[in-house]
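Structural description and commentary
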Amino acid sequence: MDGLQVVVADDDLLLREGLASLLSQSGLDVIGQAGDGDELIALVRKAPPQLAIIDIRMPPSHSAEGLDAAKLIRQEFPDVAMLLLSAHVEVDHALELLDSGKGIGYLLKSRVTDIADFVDTLTRVANGASVIDPALVQELIAAKRRDDPLAVLSARERDVLTLMAEGLSNSGIAKRLWITEGTVEKHVRSILNKLDLSETSEDHRRVRAVILYLDAMS
């Protein structure tokens, strides 16, 4: 997108100047640069760009000033697309960003190795796309797995628990899975133990296991 109006916000002067120069050489119109969140907000208020490229960590605390500025810009100028850059995968920050609507991107700085690909990403974000760094996707999947209470179960135990949730008895589960009722009983005991549901009667434990399953699936 030749002539795409962009502002670049990063406290690293050399990185900021270098990126602005590369973008200008690629046909983008860099209309402003900022070294911190306040300066970025002032720039956008003065002349809203089509796209803001923002480092998440900027002065004074180098924590989430860039993200805070991005959230404020999104509130005041919802049509301004934003691409956030980060040196590290920051899941919580990314989720806040991705929840804010279209025209949003999140990339690790280490991914910016090919200017043509980077400009293509900027163009897609400016056109309303959401672009998420693959490393972030992997981290989100890993986080979901870590939080999944059913992750301790084997594939067969998950099958058994699914049928328990459908209300089938051990006999019914055995017929559905083409295994013996004794094998089902072993799987049920293993499920209840792995889910740490061993304090009460078996009937109550089965109910609690099903509730846990339904909650995990919701």
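Look above for the structure.
Residues numbered from 1 in each chain as written. Predicted model: local features only at pLDDT ≥ 70, side-chain atom pairs only at ≥ 80, totals over all residues. Heavy atoms only, no water.

1. Description of the side chain of Ser86
Locating Ser86 in the fold gives a position in strand β4 (residues 81-86). Not counting the four nearest positions on each side in its chain, Ser86 is found in contact with Ile56, Tyr106, Leu107, Leu108 and Lys109. (Helix = DSSP H or I, 4+ residues; strand = E, 2+ residues; numbered from the N terminus. Contact = heavy atoms within 4.5 Å.)

2. Thoughts on the environment of Arg208
Topologically, Arg208 is positioned in helix α10 (residues 202-217). A sequence separation of 11 residues divides Arg208 from Leu197, and the C-alpha atoms of the two residues are 7.5 Å apart.

3. Digging into the sheet that holds strand β6 (residues 130-132)
Backbone hydrogen bonds are what pair the strands of a sheet, in a parallel or an antiparallel way. Spatially, β2-β1-β3-β4-β5-β6 is the arrangement adopted by the six strands of the open sheet, whose pairing is parallel. Looking at which strands have only one partner, the edges of the open sheet turn out to be β2 (29-34) and β6. When strand polarity is set aside, the average angle formed by the axes of neighbouring strands in this sheet is 20°. Bridge count between strand β1 (residues 5-9) and strand β3 (residues 51-55): four bridges; the pairing is parallel. Across the sheet, residue Val6 finds its bridge partner in β3, namely Leu51. Docked against the sheet, helix α3 (residues 65-76) engages β3, β4 and β5 (104-108), running at close to 175° with respect to β4. Running over the sheet, helix α5 (residues 115-126) touches β3, β4, β5 and β6 and is turned about 140° from β4. (Pairing = 2+ DSSP bridges. Axes fitted to C-alpha atoms, helices over the stretch in contact; angles between N-to-C directions.)

4. With respect to the pattern of salt bridges
Between side chains of opposite charge, pairing is possible as soon as their charged atoms come close. Taken as a whole and judged by the stated rule, the model has six salt bridges. Notably, a salt bridge pairs Arg124 with Asp120, separated by 3.3 Å at the nearest N-O pair. Placement of both Arg124 and Asp120 in helix α5 is noted, with a separation of four residues, approximately one turn of the helix. With relative accessibility at 42%, the residue Asp120 sits in the partly exposed group. Close ionic contact of Glu157 with Lys194 constitutes a salt bridge, the shortest N to O distance being 2.9 Å. (Salt bridge = Lys/Arg side-chain N within 4 Å of Asp/Glu carboxyl O. Buried < 20%, exposed > 50% of the residue type's maximum accessible area, 1.4 Å probe, protein only.)

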